[in-house]
Amino acid sequence: LAKTTQPISMDSYEGQEVNITCSHNNIATNDYITWYQQFPSQGPRFIIQGYKTKVTNEVASLFIPADRKSSTLSLPRVSLSDTAVYYCLVGDNDSSYKLIFGSGTRLLVRP
Amino acid sequence: EPEVTQTPSHQVTQMGQEVILRCVPISNHLYFYWYRQILGQKVEFLVSFYNNEISEKSEIFDDQFSVERPDGSNFTLKIRSTKLEDSAMYFCASSESLAGDDLYEQYFGPGTRLTVT
């Protein structure tokens, strides 16, 4: 399973766009990139998943460059309720059922 | 929106006692998981379960742990003889699709906080 590296923490203000970059230099050909969000004392929640280029849903966008060695989660116009830990996960959807979480990025949104 | 539920929300037990943590996965899901998160640490995979058997387990999931789907709706995690270091949040998750599909998402429950004294 590819190892991921993310910033430990980020600060932002309400209404700003937040971009969290994840490095996964040894990503394998079959690996997908998935982001989860976790609020304090709650279970992780799926945000978005992608393989290459750009994926957008109602919550976020995920940008993946051609070499796939990194990815960027983009949260448009954050609010106080987006304060959470964001996890980047990389894994082969074919060979394992488990999710391997790293330490994540603790995002603090200020008023 | 369907959700995974877990009971109890908080369980306090004495060292050496057995505990059973309960989960009700989303009804049409076929794949079930337990994770734990020690306070301030990462979410750690414990076990996955499909078709009434364990699919995969981590090295944390030793002989003191067991899982069961007793009645077609509940999914339980039993810890036979709890230790202080078992104190953690335990999350149940379920998924509809098998890993290998284009979109693979696990739905997590709210967790059970286990405190071993």
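See the structure printed just above.
Below: a short report on this structure. (Residues numbered from 1 in each chain as written. Chains lettered and ligands numbered in written order. Predicted model: local features only at pLDDT ≥ 70, side-chain atom pairs only at ≥ 80, totals over all residues.)

### Topic: the overall build of chain B
We count it as follows: Starting at the N terminus, helices and strands are each numbered in turn, a helix being any DSSP run of H or I of at least four residues and a strand any DSSP run of E of at least two. Throughout, radius of gyration means the C-alpha value; the globule benchmark is 2.2 Å times the number of residues raised to the power 0.38. Exposure classes come from backbone-placed C-beta atoms, where a residue is buried if 20 or more other C-beta atoms lie within 10 Å of its own, exposed if 12 or fewer do, and partly exposed in between. In this description, any two residues whose backbone-derived C-beta atoms lie within 7 Å of each other are considered to be in contact.
Scanning chain B from N- to C-terminus turns up 0 helices and 11 strands. Along its sequence from the N terminus, chain B presents helices and strands in the succession β-β-β-β-β-β-β-β-β-β-β. For chain B, the C-alpha radius of gyration of 14 Å lies close to 13 Å, the compact-globule estimate for 117 residues. Principal-axis analysis of the C-alpha atoms places the extent of chain B at approximately 45 × 30 × 30 Å. Counting only residues that meet the buried cut, chain B has 36% of its 117 residues in that class. Sequence separation of at least 24 residues holds for 55% of the intrachain contacts in chain B that already meet a minimum separation of 6.

### A look at the interface of chain B and chain A
By a widespread convention, an interface's size corresponds to the accessible area lost as its parts come together. Threshold: Throughout this entry, Asp, Glu, Lys and Arg are counted as charged residues, while Ala, Val, Leu, Ile, Met, Phe, Trp, Tyr, Cys and Pro are counted as nonpolar. The remaining residues, Gly among them, count as polar.
Facing 19 residues of chain B, the contacting portion of chain A comprises 16 residues. Contributions of two or more residues to the side of chain B that touches chain A are made by strand S5 (43-50) and strand S6 (53-57) of chain B. With 3 residues, S5 of chain B is the largest single contributor of residues to the side of chain B that touches chain A. Looking at the side of chain B that touches chain A residue by residue, the class counts come to 9 nonpolar, 6 polar and 4 charged.

### Quick word on the sheet that holds strand S1 (residues 5-7) of chain B
Residue and element names in this part refer to chain B. Rule in force here: Strands are labelled as partners when DSSP assigns at least two bridges between them. Angular values range over 0 to 180 degrees, each being the angle between N-to-C directions of two axes fitted as lines to C-alpha atoms, with helices fitted over their stretch in contact.
Taken in spatial order, the 4 strands make up an open sheet running S1-S3-S8-S7, and their pairing is antiparallel. Strand pairing shows two members of the sheet lacking a second neighbour, S1 and strand S7 (65-68), which therefore form its edges. On average, each strand axis in the sheet is tilted by 20 degrees relative to the strand beside it, whichever way the strands run. Where strand S3 (residues 19-24) and strand S8 (residues 75-79) come together, 5 bridges link them in antiparallel fashion. Each residue of the ladder has a partner; that of Cys23, found in S8, is Phe75.

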